[in-house]
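Given next are the chains, with one letter for each unit.
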Amino acid sequence: MERLLEVDDLQVSFQVRGGEVKAVRGVSFHVDKGEAVGIVGESGCGKSVTAQSIMKLIPTPPAIMRSGSIRFKGEEIIHHNEKQMQKIRGKEMGMIFQDPMTSLNPTLTIGSQIMESLIKHKNMSAKDAKARAVEMLRLVGIPNPDKRLNQYPHEFSGGMRQRAMIAIALACDPSLLIADEPTTALDVTIQAQILRVMKDLQQQMGTSIIMITHDLGVVAELCDRVIVMYAGKVVEEGTIEEIFRNPKHPYTKGLLRSVPSLDQKKDEKLVPILGTPPDLIKPPAGCGFCDRCDMAMKVCKDHDPDFYEVSGTQKARCWLLDPMAQEVKQA
Ligand code: SF4
Ligand code: MG
């Protein structure tokens, strides 16, 4: 498979009163062409910051990029300036957010917002851009696209706005779509429809997707691979199959116990993960999950585990996977 995106040792901090929040602490992952990758974790785990760093949507300062590399289509983009990023954003990378109202322009019709990026990035004539806008609205399942084109965001329902956002994000046929909790604000039925639209478009257009979510159900629906983040780090990575059937990190196991599954028995209880993530102004020296982990050993407190390979595609950052764990435990 062809690599589309390669993130290596990304470190992002935020200067706040009282110190520096180390929001992303050495994150590495890749996305292949045509692949859908989910990044999951609780709020504050660094998943959105990671996504926004890829698109350079976080202002520096207050954010500080400590180190790392972001290669997109083989090109290093981590030091790209705003002008260089503008050529990539919209055209090569599209993004959709949880609340389309914050990213849609309330004063412009939906149609002109789709046309705008086509004219800007694809040098299309107004006529062609309009035809493409109608086609995009049809593709995302908006009925009467010719009429809907002339309406404003407030005339759309929540689900329809999210469809319109997808139409805008995909109009220029970007190689990568980054979706940050795109269905979180929607009810379950609409959520399922939106995920269906994304999946269909991904298959039709060959777009790669990064799906940021706290909901493993969403990931199961859409993604080929999952990256689990906790306290600014990737703690586990694997295919959907591996993560759902054979999770290795206690945090991943906890996440799976805390979301309703489709085949959930009625009397089966969801178990929330107790406790709170560590303060990332003073991140712990050892495993970030230590205070909440039932399996924690002595070694976990002082030493942060490295990745252990479970298979060619699965790896997890946990001392339990160390063959010497029992001895280390005694040390
Ligand atoms: Fe739990 Fe230790 Fe594994 Fe961290 S390294 S998840 S504390 S067992
Ligand atoms: Mg977020």
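Source: prediction; values computed, not measured.

## Quick word on the overall build of the protein chain
And then number 1: A tally of helices and strands in the protein chain yields 13 helices and twelve strands.
And then number 2: Relative to the globule expectation of 20 Å for 331 residues, the C-alpha radius of gyration of the protein chain, 21 Å, shows essentially globular dimensions.
And then number 3: Taking the principal axes of the C-alpha coordinates as reference, the protein chain spans close to 70 × 50 × 40 Å.
And then number 4: Counting every position in the protein chain, which comprises 331 residues, the buried fraction comes to 43%.
And then number 5: Across the protein chain, every contact between residues at least 6 apart in sequence was considered, and the portion connecting residues at least 24 apart equals 64%.

## Observations regarding the site of ligand 1
And then number 1: If you check the shell around ligand 1, you find 14 residues, and the closest are Cys287, Cys293, Ala296, Cys300 and Cys318.
And then number 2: Considered class by class, the residues forming the shell around ligand 1 number 13 nonpolar, one polar and no charged.

## A closer look at the UniProt feature "domain: ABC transporter" (unreviewed entry) in the protein chain
And then number 1: Per the UniProt record, "domain: ABC transporter" (unreviewed entry) is annotated on residues 5-256.
And then number 2: From the first C-alpha to the last, residues 5-256 spans 27 Å; its make-up is 40% helix and 28% strand.

## Quick notes on the sheet that holds strand S4 (residues 63-72)
And then number 1: With respect to topology, four strands assemble into an open sheet ordered S2-S1-S4-S5, the strand pairing being antiparallel. Taken across any chain shown, the strands that pair with only one partner, and hence form the sheet edges, are strand S2 (19-32) and strand S5 (75-76).

## Observations concerning the domain arrangement of the protein chain
And then number 1: The domain boundaries assigned to the protein chain delineate domain 1 (3-92 + 174-330) and domain 2 (93-173).
And then number 2: Each of domain 1 and domain 2 has a C-alpha centre, and these two points are 29 Å apart.
And then number 3: The partner domain 2 presents 21 residues to the 25 residues of domain 1 that form the contact.
And then number 4: Among the secondary structure elements, those contributing two or more residues to the side of domain 1 that touches domain 2 are strand S7 (176-180) and helix H8 (188-205).
And then number 5: It is H8 that provides the largest number of residues to the side of domain 1 that touches domain 2, a total of seven residues.

## Examining the nonpolar core
And then number 1: By size, the foremost hydrophobic cluster in this structure holds 88 residues, and its most contacted members are Ala167, Ile178, Ile210, Met211 and Val228.
And then number 2: Looking at this core, the element that brings in the most residues is helix H7 (residues 158-171), giving nine residues.
And then number 3: Here this core spans two domains, since at least three of its residues come from each of domain 1 (3-92 + 174-330) and domain 2 (93-173).
And then number 4: The contacts of valine 228, once residues within four sequence positions are left out, are Val40, Gly41, Val234, Val235, Glu236, His249, Tyr251, Thr252 and Leu255.

## What to know about the sheet that holds strand S11 (residues 308-309)
And then number 1: On the basis of which strands lie adjacent, the open sheet formed by eight strands has the order S6-S7-S8-S3-S9-S10-S12-S11 and mixed pairing. In this open sheet, the two strands that pair with only one neighbour each are strand S6 (93-96) and S11.
And then number 2: Of the pairings in the sheet, the one linking S11 to strand S12 (residues 315-316) comprises two bridges and is antiparallel in character. Each bridged residue has a counterpart across the sheet, and for glutamate 309 the counterpart in S12 is lysine 315.
And then number 3: Most of the contacts of helix H11 (residues 250-258) go to strand S9 (residues 225-230), to which it runs at about 105 degrees, and overall it touches strand S3 (36-40), S9 and strand S10 (233-239).

## Thoughts on the packing of helix H4 (residues 110-122) against H7
And then number 1: Remark: H4 packs on H7, axes separated minimally by 8 Å, with the N-to-C direction vectors making an angle of 15 degrees. Taken together, the axes of H4 and H7 are roughly parallel relative to one another. Crossing hand, H4 versus H7: right-handed. In contact with Ile110, Gln113, Ile114, Ser117 and Leu118 of H4, H7 contributes Ala164, Ala167, Ile168 and Ala171.
And then number 2: Taken together, the residues that form the contact of H4 with H7 break down as seven nonpolar, two polar and no charged.

## Topic: H8
Given 3.6 residues per helical turn, the α-helix brings residues three or four places apart onto the same face.
And then number 1: Taking 1.5 Å as the rise per residue, H8 with 18 residues should run 26 Å; its terminal C-alpha atoms sit 25 Å apart, in good agreement.
And then number 2: Within the span of H8, buried status applies to Gln191, Ile194, Leu195, Val197, Met198, Leu201 and Gln202. With its buried residues spanning 155 degrees around the axis, H8 presents them on a single face. When the buried face of H8 is taken as reference, the exposed residues oriented beyond 90 degrees from it are Val188, Thr189, Gln203 and Gln204.
And then number 3: Tucked into the core, H8 has its buried residues touching S3, helix H5 (126-139), H7, strand S8 (208-213) and helix H9 (216-222).

## Considering the environment of isoleucine 190
And then number 1: Structurally, isoleucine 190 is set in helix H8.
And then number 2: Isoleucine 190 sits 32 residues away from glycine 158 along the chain, and the two C-alpha atoms are 8.9 Å apart.

## Side note on the environment of threonine 313
And then number 1: Within the fold, threonine 313 resides in the loop between S11 and S12.
And then number 2: Here the alpha-carbon distance between threonine 313 and glutamate 242, two residues 71 residues apart in the chain, equals 8.5 Å.

Cut-offs applied
- Note that residues are indexed from 1 along each chain, following the sequence as it is written.
- Labels follow written order: the first chain is A, the first ligand is 1, and so on.
- This being a predicted model, a pLDDT of at least 70 is required before a residue's local features are given, and a value of 80 or more before pairs of side-chain atoms are given or counted; all residues contribute to the totals for chains, interfaces and linings.
- Secondary structure is summarised from DSSP: a helix means a run of H or I of at least four residues, a strand means a run of E of at least two, and numbering begins at the N terminus for each.
- Only C-alpha atoms enter the radius of gyration, while the globule expectation follows 2.2 Å times N to the 0.38, with N the number of residues.
- The exposure scheme places C-beta atoms from the backbone and then counts, for each residue, the other C-beta atoms within 10 Å of its own, assigning buried at 20 or more, exposed at 12 or fewer, and partly exposed in between.
- Think of it this way: build a C-beta for each residue from its backbone, and any pair within 7 Å is a contact.
- By definition, a residue lies near a molecule or strand provided its backbone-derived C-beta atom is within 6 Å of it.
- Three classes are used: nonpolar for Ala, Val, Leu, Ile, Met, Phe, Trp, Tyr, Cys and Pro, charged for Asp, Glu, Lys and Arg, and polar for all others, with Gly counted as polar.
- UniProt positions are given in the numbering used here, feature names are shortened, and annotations may be inferred rather than shown by experiment.
- By this definition, two strands are paired if DSSP reports at least two bridges between them.
- Those domain boundaries reflect an automatic or database domain assignment.
- By our criterion, buried Ala, Val, Leu, Ile, Met, Phe, Trp, Tyr and Cys residues that link up through C-beta atoms within 7 Å make up a nonpolar core.
- To obtain an axis, a line is fitted to C-alpha atoms, over the contacting stretch when the element is a helix, and the angle between two such axes runs from 0 to 180 degrees between their N-to-C directions.
- By definition in this entry, angles of less than 35 degrees are roughly parallel, angles greater than 145 are roughly antiparallel, angles of 65 to 115 are roughly perpendicular, and the rest are oblique.
- Two helices cross in a left-handed way if the nearer one is turned anticlockwise from the farther one by less than a right angle. They cross in a right-handed way if the turn is clockwise.
- To estimate the expected span of a helix, subtract one from its residue number and multiply by 1.5 Å.
- The directions from the helix axis to the C-beta atoms form the arc being described.

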